[in-house]
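As a plain string of letters, each chain reads:
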Amino acid sequence: EMDPQERAFQERIDANGKIEPKDWMPDGYRKTLIRQIGQHAHSEIVGQLPEGNWITRAPTLERKAILLAKVQDEAGHGLYLYCAAETLGVTRDQMTRDLLSGKMKYSSIFNYPTITWADMGAVGWLVDGAAIMNQVPLQRTSYGPYARAMVRICKEESFHQRQGFDIMMKMAKGTPEQKRMAQDALNRFWYPSLMMFGPSDAESVHSAQSMAWKIKMNSNDELRQKFVDLTAPQADYLGLTIPDENLKWNEEKGGYDFSEPDWDEFFDVLKGNGPCSVERLEDRNRAWDEGRWVREAMLAHADKKRAAKLA
Ligand code: FAQ
């Protein structure tokens, strides 16, 4: 027999009502949200690194300005998401400590290197494309502060996706060498992008409960399928080839058949063994240590102002 409080909570969710910070919620709901929103925030923050790698080497002033703006947007997304998580009773300091110690996760995709300029195109097109596919439905997620944060984030992500596609267009329709670079970036980012949606539904431990609570609106496999269906024609338009011999339109199911990513590789990346996993955490730890004096100075300044007000 479900406890009456919990029954009322579930009924509100079933009726598409929003849950707000001061409302009663089951412990598991709170914990799941802290985990998912926290991981999402960390992904935005760590996600600045692969693209930050190219800011100083962007090919034109315009491309540099655009990339700089995109990376700044990602910082902003991280900050909104930390605020949303804080409404659940966790502090940003705690989440930061858990990121820096490797206890909390961030998206597997950011453990892959960005080795050419074409990777900036592939990241925008595919990584932001996958992010939008996952995040547009989250605008209707049951937790109010998360749903509202998603609205602005999705607007910015669609700009990011368009700028990535624009880079891919330039490269794919450019010199043979540029086209080769675009194809190479697609080859390397395709399967890692498919992994962004998480393990298959059969392996996804949290999906069933998260979907019942409307924390997640779709299953991992549903969103992965939608992503492939949207992206395959875009690759055709670019004149590029998705690195999957099994990719084929399936009239009966009204979607593409495609190969699964290498799930052993995925779980290995989750364990901290991605090609850039160590480097990413080192970079975040260094940034945190080097920023210590700024945090201390700001706290000292706030203390002084408070003391002056009391005097
Ligand atoms: N990477 O039971 P499930 C961006 C973990 S977009 C790492 O299926 P769930 C924008 C999962 O945490 C990227 N870990 O889990 C941007 C769980 O482990 P745990 C961020 C993953 O939560 C673009 C375990 O596997 N977006 O940053 C991944 O129901 C360009 C079992 O999995 C979001 O976070 C993965 N790919 O579903 C920035 C969106 N997949 O925690 C810069 C919100 C699974 O028990 C540049 N998040 N795991 O230890 C979600 O929608 C969900 O959390 C999923 C995973 C779909 C990612």
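Just above, that's the structure.
First, a word on what this report is: a plain description of the structure on this page.

Cut-offs and rules
Residues numbered from 1 in each chain as written. Predicted model: local features only at pLDDT ≥ 70, side-chain atom pairs only at ≥ 80, totals over all residues. Heavy atoms only, no water. Helix = DSSP H or I, 4+ residues; strand = E, 2+ residues; numbered from the N terminus. Contact = heavy atoms within 4.5 Å. 1 Å grid on protein atoms, 1.4 Å probe; cavity = no way out; pocket = protein on both sides within 12 Å on 5 of 7 lines; lining within 4 Å. Points joined across faces, edges and corners; volume = space filled by probe spheres on them. Nonpolar A, V, L, I, M, F, W, Y, C, P; charged D, E, K, R; others polar. Near = heavy atom within 4 Å. Polar contact = N/O pair within 3.5 Å; in protein donor to acceptor, adjacent residues only side chain to side chain. Areas by Shrake-Rupley, 256 points an atom, 1.4 Å probe, with all protein chains shown as cover. Sits in = over half its atoms within 2 Å of the grid points. Phe/Tyr/Trp six-rings, centres within 6.5 Å; stacked < 30°, edge-to-face > 60°. Buried < 20%, exposed > 50% of the residue type's maximum accessible area, 1.4 Å probe, protein only. Axes fitted to C-alpha atoms, helices over the stretch in contact; angles between N-to-C directions. Parallel < 35°, antiparallel > 145°, perpendicular 65-115°, else oblique. Patch = residues over 30% accessible without salt bridge, like charges linked within 9 Å, V, L, I, M, F, W, Y side chains within 5 Å. Salt bridge = Lys/Arg side-chain N within 4 Å of Asp/Glu carboxyl O.

Let us look at the side chain of Q10. With respect to the helices and strands, the residue Q10 is situated in helix 1 (residues 4-14). Those residues in contact with Q10, other than ones at most four positions away along the chain, are A212 and W213.

Attention now goes to empty space enclosed by the protein. Summed over the entire model, instances satisfying the criterion amount to one cavity of 30 Å³ or more. Each pocket or cavity is described by its volume, and for the largest cavity that value is around 60 Å³. G47, P50, E51, I109, F110, Y112, T114, V123, V127 and F189 are the residues that line the largest cavity. Those elements that provide at least two residues to the lining of the largest cavity are helix 3 (48-55) and helix 6 (118-135). Partitioning the lining of the largest cavity into residue classes produces seven nonpolar, two polar and one charged.

Bringing the site of the ligand into the picture now. In the vicinity of the ligand lie 34 residues, with K105, S204, H206, K216 and N220 positioned nearest. Measuring from an oxygen atom of the ligand, one finds a side-chain N or O atom of K105 at 2.5 Å. N134 is positioned such that a nitrogen or oxygen atom in its side chain is 2.9 Å from an oxygen atom of the ligand. Compared with its free state, where it exposes 1,100 Å², the ligand has 91% of that area covered by protein. A majority-of-atoms criterion places the ligand in the largest pocket. For the shell around the ligand, the secondary structure elements donating two or more residues are helix 2 (27-46), helix 4 (61-86), helix 6, helix 7 (144-172) and helix 11 (263-273). Considering every element that reaches the shell around the ligand, the biggest residue donor is helix 2, with six residues. Along the lines of polarity and charge, the residues of the shell around the ligand split into twelve nonpolar, 13 polar and nine charged.

With that out of the way, let us pick up the packing of aromatic side chains. This structure, assessed with the given rule, holds eleven aromatic pairs. Aromatic side chains Y29 and W213 sit 5.7 Å apart centroid to centroid with 90 degrees between the ring planes, which places their arrangement in the edge-to-face category. Of this pair, Y29 sits in helix 2 while W213 sits in the loop between helix 9 (207-212) and helix 10 (220-238), placing them 184 residues apart in sequence. An identical accessibility class is assigned to Y29 and W213; each is buried. Note on W54 and W117: the rings are 6.3 Å apart at their centroids and 70 degrees apart in plane angle, and the pair reads as edge-to-face. Of this pair, W54 sits in helix 3 while W117 sits in the loop between helix 5 (92-100) and helix 6; the two residues are 63 residues apart in sequence, bridging distant segments of the chain. Just as W54 is buried, W117 falls in that class too.

We now examine the packing of helix 5 against helix 12 (residues 277-290). Running from amino to carboxyl end, helix 5 crosses helix 12 at an angle of 140 degrees, the nearest separation of the two axes being 9 Å. Taken together, helix 5 and helix 12 sit at an angle that is classed as oblique. Facing D93, T96, L99 and L100 of helix 5, the residues of helix 12 in contact are L281, R284, N285 and W288. When its residues are assigned to classes, the contact of helix 5 with helix 12 shows four nonpolar, two polar and two charged.

This part covers a nonpolar patch on the surface. A contiguous nonpolar surface patch, about 360 Å² in accessible area, is contributed by W293, V294 and M298. Considering the arrangement of structural elements, one finds W293 in helix 13 (residues 292-310). Residue classification places W293 among the exposed residues on the basis of a relative accessible area of 60%.

Glancing now at the pattern of salt bridges. Under the criterion given, the structure shown has 18 salt bridges. A salt bridge links R148 to E20; its shortest N-O distance comes to 2.8 Å. Highlighted residues: R148 in helix 7 and E20 in the loop between helix 1 and helix 2, separated in sequence by 128 residues. Of the charged contacts in the structure, one is a salt bridge between D221 and R224, with a shortest N-O distance of 2.7 Å. On the criterion of helical spacing, the pair formed by D221 and R224 is a turn pair, its members being three residues apart in helix 10. With relative accessibility at 1%, the residue R224 sits in the buried group. Taken together, the shared-partner salt bridges in this structure form one network comprising E51, K70, E74 and D128.

Even without glycine at this site, N16 takes up a positive phi of about 60 degrees. With respect to the element layout, N16 can be found in the loop between helix 1 and helix 2. We classify N16 as exposed; its relative accessible area is 56%. In this model, K214 sits at a positive phi of 55 degrees, which is unusual for a non-glycine residue. With respect to the secondary-structure elements, K214 resides in the loop between helix 9 and helix 10.

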